[in-house]
Amino acid sequence: MKSISERIVDLDWPAIRQELHDKGFASVKNVLTKEECDNMIAAYNTSDTYRKTIKMERYRFGLGEYKYFSYPLPQIITELRENVYTQIVPVANAWMQELKLDKRFPLTQQELKDVCRNHEQTKPTVLILKYGEGGFNTLHQDLYGEIYFPMQMVFMLDQVDEDYKGGEFVITEQIPRAQSKANVLKPMRGEMVVFTTNFRPVKGSVGYYRVNMKHGVSPVHSGNRHSLGIIFHDALS
């Protein structure tokens, strides 16, 4: 079997980048194997792997639990984070140019980490999330500090309609002077969803304008739902 880095390189990145640019999100099936997903779920209770556990209801984030990984990250996560970043950073920089923002992102994830460190953002933001029956995640954006990359990704670790029901992944678009739009996704086990962290450009009649976006998870009707969230920038705490 090919390594995760080889599998990432082999994806149809021109098509993925185009979809990400045009919609603010893109889905790719079968990026992780069932064994890789099962291993991550099995490691959920390994205490020395994580730096912090969040009970979502305590902060009114929803109902469920998530854990932030500590450095050094597991090798598979490091490879996903570094290889996908390299492929999508051209879209991020195109967005900055289209919106006439005076910001450009470095070409490697390590260089982005260096920028974060210079702004005292040194804590990893990669997390694994668990929802049981009734669990949900309110609409939000994952920024974590002054420095943030405008895209992130999530990997589904359980099989929808087998391991759990409900729990759709929701992405909303707050279109200026119009009603908001909701995109509802049902990722399969091992599927990767790359999506905007907080906004995307949309082309109008006189150039591009900014559309703010948030994401969340609808209530789980039954079973347990695990997912791996990979944010490319680091956090202050």
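To start, this report covers the structure provided alongside it. In this text the structure is predicted, and so the values were computed from the model without any measurement.

Calculation notes
- Residues numbered from 1 in each chain as written.
- Predicted model: local features only at pLDDT ≥ 70, side-chain atom pairs only at ≥ 80, totals over all residues.
- Heavy atoms only, no water.
- Helix = DSSP H or I, 4+ residues; strand = E, 2+ residues; numbered from the N terminus.
- Expected span 1.5 Å × (residues − 1).
- Bend = angle between axes of the 7 residues up to and from the residue.
- Buried < 20%, exposed > 50% of the residue type's maximum accessible area, 1.4 Å probe, protein only.
- Arc of directions from axis to C-beta.
- Contact = heavy atoms within 4.5 Å.
- Pairing = 2+ DSSP bridges.

Right, let's talk about helix H4 (residues 75–98) for a bit. Its 24 residues give H4 an end-to-end C-alpha distance of 35 Å, which sits within 8% of 34 Å, the value for a rise of 1.5 Å per residue. Taken as a whole, H4 carries its principal kink of about 45 degrees at Ile-88; the proline Pro-90 stands between one and four residues after it. Two residues or fewer past H4, Lys-100 is found with a positive phi of approximately 60 degrees.

So, on to helix H3 (residues 34–42). For an α-helix, the turn length of 3.6 residues means that residues three or four places apart are oriented alike. Every buried residue of H3 is listed here: Glu-36, Cys-37 and Met-40. One side of H3 holds all its buried residues, which, seen down the axis, span an arc of 100 degrees. Exposed positions of H3 whose direction lies more than 90 degrees from the buried face are Glu-35 and Ala-42. Those residues of H3 that are buried are in contact with helix H1 (4–9), H4, strand S5 (127–131), strand S7 (151–156) and strand S15 (225–231).

Our next topic: the pairing of S5. The buried count for S5 comes to four of five residues, which makes it a mostly enclosed element. Bridge count between strand S4 (residues 65–69) and S5: four bridges; the pairing is antiparallel. The partner of Tyr-68 across the bridge, within S5, is Leu-127. As defined by bridge partners, S5 adjoins S15 across five bridges and the pair is classed as antiparallel. Counterpart to Tyr-131 in the pairing with S15 is Arg-225.

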